Amino acid sequence: MPLQDRRGGPEAPCVLTLDFPGPRSRHRLRRLEIAAPGVQVVHLLDAVRPRDVTARAYARTLLDSAGLAGREVSAIVAHCAAASIARELDRLLRRAGRAGPRLYAINPEPADLDTAAGTLRTFLTEAGSPAGPDDEPLTRAAIGRAEERLFLSHLAEGGRETPGMARMARELAAAQADWVTYLAAAGDPDAPPTGAAEVHVTSRDHPCPPSCVARHLVIGDVAAELFAGRELGALIANADDPGSGTGPDGRAGRDVVTAAYLRRCRRSPALLKLADAVSGPPPASVFEHRALARPFFRPRSDMDDLGDDLLGLFHLLNALPRRFFGDAESFLAAQGQPSRRAEIIRRGCVGALDPYARADAIIQDGSFRVIEFNVGSDIGGVEAALMNRLLLEQDEFRRFAGEFALGHTDTAQVMADLLRAVAGAVVGADDPVVGLIEETGSGGTCRHVARALRARGLRVELGELNQLSTAGGKVTLRGNQPLDVVLRYFFVEHLMHEPDGPALIDDLAQAHRYGRTAFFTPLDSELISNKAVMGLLHHDIVRSGLSSAERALVDRLIPRTRLLGDNFTIVRAAHQRALLDECVERRQDLVLKPAFGNNSVGVLPGARIDAGEWRSMLAAPKLGGYVVQDRVVPDREIVLDPGTGAGVEWDVNWGVFVSGAGYSGSFVRALDDTGGREVIGSSARTRYGVVFTY
């Protein structure tokens, strides 16, 4: 049996380590102090050194020798070149019907057969023994013959008559053959490649190549720092901690940083109560005493991938009007837009739209699902990065962030850069004056956004719709302040209630077209910023014309969404009847949403009401323009209660921004489980948090 740490009984879950016990590395994985109640650590290479030169056979010998029949393996930890062997161990365990362990590769280094063969030649040459031909295959038999030559050379060098020399020579030759065999197995070209579910833990001086598809965690500047602390050992040992992530198998899975943060909070009252230290009224906080007790963490690669998908979705949506409907008017009619609303939108279009949007996304079974896609300048959450900065000003969190190389994307800076670019392209202004314009009577509700943009070097004036006029074709605020950019924070509905709304939107669109004042974003965004558009993506007229890659993008991101109601003349009556029947049958799995609503107003999950209420809602006369969407059930996240330290489950909605640069920042809204599973919108119970990437 391999040597085992004195933890856990015979049925305790195991953590398997792979670290060839040479003079430098013998202590390294032991120094991690992989410790947790009921966890047994098995150092596989301490007691057996296989003589198999393929990764699969080497792993099989290790597994057979470990005596793990029926035992759960929660993690495999591989140091340096051992990752290939660890992947074969993982594959063997899965084929045996075991739950897949988490695989950690610590400062992984690639190996190959040339390295193994070169090492053997070096051993033989240094021992004064013929190295053999360079092209000799590195087989088990070849290594055995080389071991015998090494033994004879060491024996001759030490003197055959020296007491104990035969034993020492034999041990040295065997150790050299063991090392070469290990390198050959680690360098097996047929071993499984790096997997996306692996966690590569590296020091900053030991980065993986940019092409590496694994998850990455950086700890310390050099390897000595990585092995010096206890955090990594605790993280590995607690791979099954329910607070460590929300993957479909309940394991720590992808979010190893959350696991570490929750454990740190349990030991640190200051970190546990961090939200209290940074929460308060603006400008000290953007969340006004409604901050979540912890930030959220996600691999940067995940967010970049999602950003790329969202940018692809934006371009697909932006092409829909001409590609499938001929023009904006026909596209609006297909959406079932009320005529007065459609008229305002048409008048406010300028024929161009810069990418700027926010997805409302839910993580289900470990993957993001986009339940809404909000396009245009009037989306909220831009200023959330203030909270990221406030957290980083707290000593304890700053240390944690440095340890895990956390970062964040400042959405307000993205917007400031975009406004400068728009001003330069439309007006030719290098230092633009931006008018942040809200609806009449708003009372400056967006002053925090104006403050954030000013902090990033923009000249920003806050105003309302009824304070706009034009002079010489240029838009002015309060009659005396020329504006280079109108930053729109008002909705189409506000224009519909403005006495001069149609004339005002004409002036804004014309000022943009003639290069006098840029309009960001023009009402081109309103063509594609509603739930009916998501329904059109799943309608045969659009779906049948999408490429296979476009269909895959839609299916990957958006739960199935269908148009439901009398407003949609594009939907045949027979299809509407069939959909209504399906809605009655699948009530628990569906959500009914107004096609043109916002802030979750009117959203009705079928699971929240009884069958009678659901049928009444479907039959109601007001069901003119709705969509019905397959319900997305969030993977619940653990947040520790600052008062008690107890873990509380929360449902989380991720607000993910995208621009022409791709991923452009994010924040979260969440509801705890005290009121059941509700719509995560902007209710009094909603709490807000920020996102860090690693």
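Please refer to the structure higher up on the page.
Residues numbered from 1 in each chain as written. Predicted model: local features only at pLDDT ≥ 70, side-chain atom pairs only at ≥ 80, totals over all residues. Heavy atoms only, no water.

Trainee: Before we go on, may I ask you to explain unusual backbone geometry in this structure?
Mentor: Negative phi characterises most residues that are not glycine, and trans characterises most peptide bonds. Each neighbour pair has its own omega, and for Phe-520 with Thr-521 the value is -10 degrees, a cis peptide bond. If you trace the backbone, Thr-521 turns up in the loop between strand S16 (518–520) and helix H21 (531–537). Backbone geometry at Asp-365 places phi at a positive 55 degrees, although glycine is not the residue there. You can see Asp-365 is positioned in the loop between strand S8 (356–364) and strand S9 (367–375). In this structure, Arg-478 takes a positive phi of about 55 degrees despite not being glycine. Relative to the elements of secondary structure, Arg-478 occurs in the loop between strand S13 (474–477) and strand S14 (481–482). Under the relative-accessibility criterion, Arg-478 is labelled partly exposed at 43%. (Helix = DSSP H or I, 4+ residues; strand = E, 2+ residues; numbered from the N terminus. Buried < 20%, exposed > 50% of the residue type's maximum accessible area, 1.4 Å probe, protein only.)

Trainee: Is there a simple way to think about the packing of aromatic side chains in this case?
Mentor: One pass over the full model with this rule turns up 17 aromatic pairs. Between Phe-20 and Tyr-182, the ring centres sit 5.0 Å apart and the planes meet at 35 degrees, which makes this aromatic pair tilted. Separated by 162 residues along the polypeptide, Phe-20 in the loop between strand S1 (14–18) and helix H1 (28–31) and Tyr-182 in helix H6 (residues 165–186) bring together distant segments of the chain. Of the two residues, Phe-20 and Tyr-182, neither departs from the other in class, the shared state being buried. Judged by centre distance (6.0 Å) and plane angle (50 degrees), the rings of Phe-297 and Phe-400 are tilted. One end of the pair, Phe-297, is in strand S7 (residues 296–298); the other, Phe-400, is in helix H16 (residues 395–403), with 103 residues separating them in the sequence. Take Phe-297: its relative accessible area is 1%, and that puts it in the buried class. When its relative accessible area of 0% is taken as the criterion, Phe-400 is described as buried. One aromatic cluster in this structure is built from Tyr-261, Phe-297, Phe-397, Phe-400, Phe-404 and Phe-692. The cationic tip of Arg-170 hangs over the ring face of Phe-151; the distance from NZ or CZ to the ring centre is 3.7 Å. (Phe/Tyr/Trp six-rings, centres within 6.5 Å; stacked < 30°, edge-to-face > 60°. Lys NZ or Arg CZ within 6 Å of the ring centre and 35° of its normal.)

Trainee: Looking at this model, I keep getting lost on the nonpolar core. Mind explaining?
Mentor: By size, the foremost hydrophobic cluster in this structure holds 78 residues, and its most contacted members are Leu-310, Leu-320, Phe-373, Leu-468, Leu-537 and Trp-654. In terms of residue count, helix H12 (residues 300–325) provides more of this core than any other element does, 11 residues in total. Excluding residues that lie within four positions of it along the chain, Phe-373 makes contacts with Leu-310, Leu-313, Phe-314, Leu-317, Ala-357, Arg-358, Ala-359, Ile-528, Ser-529, Met-534 and Val-658. Core analysis: the next-biggest nonpolar cluster, separate from the first, contains 68 residues, Tyr-104, Ile-236, Leu-390 and Phe-397 among them. (Core = buried A, V, L, I, M, F, W, Y, C linked by side-chain atoms within 4.5 Å. Contact = heavy atoms within 4.5 Å.)

Trainee: Teacher, can you tell me more about the pattern of salt bridges here?
Mentor: Between side chains of opposite charge, pairing is possible as soon as their charged atoms come close. With the rule as written, the count across this model stands at 43 salt bridges. Residues Asp-302 and Arg-215 are paired through a salt bridge, measuring 2.3 Å at the closest nitrogen-oxygen approach. Here Asp-302 is found in helix H12, whereas its partner Arg-215 is found in strand S6 (residues 215–218), with 87 residues between them in sequence. A relative accessible area of 10% means that Arg-215 is categorised as buried. Lys-531 serves as the salt-bridge partner of Glu-372, at 3.8 Å between the closest nitrogen and oxygen. Taken as a pair, Glu-372 in strand S9 and Lys-531 in helix H21 lie far apart in primary sequence, 159 residues in all. Classification of Glu-372 as buried rests on a relative accessible area of 12%. One connected set of salt bridges, linked through shared partners, spans Arg-341, Asp-378, Arg-488, Glu-493 and Glu-526. (Salt bridge = Lys/Arg side-chain N within 4 Å of Asp/Glu carboxyl O.)

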